[in-house]
Amino acid sequence: MQKQKHPFSDYLDLVSEKLGGKVLFANDEFFAEKENLIKPGRGIFIPDKYTDHGKWMDGWETRRRRDPGHDWCIIQLAVPGVIEGLDIDTNHFLGNHPPFASVDAIKLDPGVELEENMIDNLDWKEILSMSSLDPGSEHFFKVNSTEVWTHLRLNIFPDGGVARFRAFGTVFKDWSKESTNLIIDLAAAKNGGKAKVCNDMFFSSMDNLIMPNRGVNMGDGWETKRNRTPGNRDWVVLKLCAKGTIRKVLVDTCHFKGNYPGFFSLDGISIEHDDVDFESQNWVSIIPKLPLTAHNEHFFEEELIASQPFTHVRFSIYPDGGVSRLRLFGNIS
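Here's a quick rundown of the structure.

How each quantity is defined
- Residues numbered from 1 in each chain as written.
- Predicted model: local features only at pLDDT ≥ 70, side-chain atom pairs only at ≥ 80, totals over all residues.
- Heavy atoms only, no water.
- Salt bridge = Lys/Arg side-chain N within 4 Å of Asp/Glu carboxyl O.
- Helix = DSSP H or I, 4+ residues; strand = E, 2+ residues; numbered from the N terminus.
- Buried < 20%, exposed > 50% of the residue type's maximum accessible area, 1.4 Å probe, protein only.
- Phe/Tyr/Trp six-rings, centres within 6.5 Å; stacked < 30°, edge-to-face > 60°.
- Lys NZ or Arg CZ within 6 Å of the ring centre and 35° of its normal.
- Contact = heavy atoms within 4.5 Å.
- Core = buried A, V, L, I, M, F, W, Y, C linked by side-chain atoms within 4.5 Å.
- Pairing = 2+ DSSP bridges.
- 1 Å grid on protein atoms, 1.4 Å probe; cavity = no way out; pocket = protein on both sides within 12 Å on 5 of 7 lines; lining within 4 Å.
- Points joined across faces, edges and corners; volume = space filled by probe spheres on them.
- Nonpolar A, V, L, I, M, F, W, Y, C, P; charged D, E, K, R; others polar.

1. Notes on the pattern of salt bridges
Counting across every chain of the model gives 25 salt bridges. For D58, the salt bridge is made with R164, and the minimal N-O distance between the two is 3.1 Å. Taken together, the residues D58 in the loop between strand 4 (54-55) and strand 5 (60-61) and R164 in strand 12 (residues 164-171) connect sequence positions 106 residues apart. For D58, a relative accessible area of 11% translates into the label buried. Between K239 and D274 there is a salt bridge, with the nearest N and O atoms lying 3.6 Å from each other.

Laid out in structure tokens, this is it:
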């Protein structure tokens, strides 16, 4: 089923484990590990599962504090970016959630690795003041800042458990400093690519198409429902990280064996603003309709028939099915 949209669904989760976010440090993780904070989903609950420390919980949970202070956790963004909103999710934490939380942020220079002994000496800036939390709930908070950040500190008061933490925003890349001869994946989320809209993502999200690495299972891709309409075409529109010329294409149907698309095609446009009806645009064919096979990486280079720069592409599959990843290798104009 498609996920219900939330207030920041048009943005990328910049701390996502899938994207490359990391949980670096926590002052306490007695009951449940800090790394759970950025895992997919909202977390699960297994009633009879226990560890040597107590009840197993799918989140980050600290011990019951018996002295003054509060608990904290440091998260590194997968890539520097501007944060638009936060989600602090206490799912399944009912009698053990923290009543309050706040979030601080900092931007470190490229190449600087955050060490634990540096934490207290950095100039952290508060992007979420102390806010109340309810048990077993998602909490969405708007961030009023246009600054670029690399690390976040989640503070909970005084202690307790948080299932998941999300930081939604946009990737920051200064492409003006890069050579126009540099070949990059123009669609990659980590470079600033964005899945804008699709006609169907019944089984899994279009956002997965441009995530790093190969898909881990069939759910880690873009999959549409079975369509019974003769001649059907499913499609997704991707915004490139910058206007660029596509030189090589990879379509990966990893894990899709009985449900891969029979064919695909790729089209492009160059537009200044993308608040438009994409289907009514004058799309230019980049790769004409070609066949795909199951559970396989398909590379296309000589098949490209357009050489001009584009800002957006439309990836179409026929008649329906699932694709794990799409890579569009090229150079910025």
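2. Section: the packing of aromatic side chains
Per the stated rule, a full pass over the model turns up seven aromatic pairs. Ring centres of F8 and F168 lie 6.2 Å apart, and the angle between their planes is 25°; this geometry places the pair in the stacked category. Highlighted residues: F8 in the segment before strand 1 (12-13) and F168 in strand 12, separated in sequence by 160 residues. No difference in accessibility class separates F8 from F168, as the two residues are buried. Relative to F203, the ring of F202 lies with its centre 4.9 Å away and its plane at 80°, an arrangement referred to as edge-to-face. Every member of this aromatic cluster is reached through a ring pair, and the members are W222, F264, F300 and F315. One cation-aromatic arrangement involves K49 over W56; the distance from NZ or CZ to the ring centre is 4.2 Å. In this structure, K55 packs its charged tip against the face of Y50, placed 5.6 Å from the ring centre.

3. Observations regarding the environment of V103
By the element assignment, V103 lies in strand 7 (residues 100-106). Note on V103: relative accessible area 0%, which makes it buried. The spatial distance from the C-alpha of V103 to the C-alpha of C254 is 38 Å, given a sequence separation of 151 residues. Among residues more than four places away in sequence, those in contact with V103 are L86, I88, K125, E126, I127, L128, L152, R153, L154, N155 and F165.

4. Thoughts on the nonpolar core
Core analysis: the biggest nonpolar cluster contains 70 residues, and I83, I88, L152, L154, F165, V249 and F315 have the highest contact counts within it. I83 has contacts with L14, L77, I127, V143, S145, W149, L152, A167, F168 and G169, leaving out every residue within four places of it along the chain. If you look at the next biggest cluster of nonpolar residues, it comprises eight residues, including F25, I74, I106 and W124.

5. Structural notes on the pairing of strand 16 (residues 234-252)
With respect to burial, strand 16 is a largely interior element, 15 of its 19 residues being buried. The sheet contact formed by strand 14 (residues 194-198) and strand 16 spans four bridges and is antiparallel. Bridging across to strand 16, C198 finds its partner in V236. As paired elements, strand 16 and strand 20 (residues 310-318) share seven bridges and run antiparallel to each other. Within the sheet, the bridge partner assigned to V236 lies in strand 20 and is F315. Sheet analysis places strand 16 next to strand 22 (residues 325-332), joined by eight bridges and oriented antiparallel. By the bridge assignment for strand 22, V249 is matched with L328.

6. What about the side chain of D267?
Following the sequence through the fold, D267 ends up in strand 17 (residues 263-269). Residue D267 is classed as buried on the basis of its relative accessible area of 10%. Once you skip the residues sitting within four places of it in the chain, D267 turns out to touch W283, V284, S285, I286, H312, V313 and R314.

7. Here we look at empty space enclosed by the protein
One pass over the structure, following the stated rule, counts one cavity of 30 Å³ or more. Taken as a whole, the largest cavity encloses approximately 40 Å³ of empty space.

8. What about the layout of surface pockets?
Of the volumes computed, that of the second largest pocket is approximately 590 Å³. Contributing to the lining of the second largest pocket are 24 residues, with P80, L108, P110, G111 and T150 lying nearest its centre. Elements represented by at least two residues in the lining of the second largest pocket include exactly strand 2 (22-26), strand 6 (71-89) and strand 10 (148-157). Split by residue class, the lining of the second largest pocket holds 12 nonpolar, four polar and eight charged.

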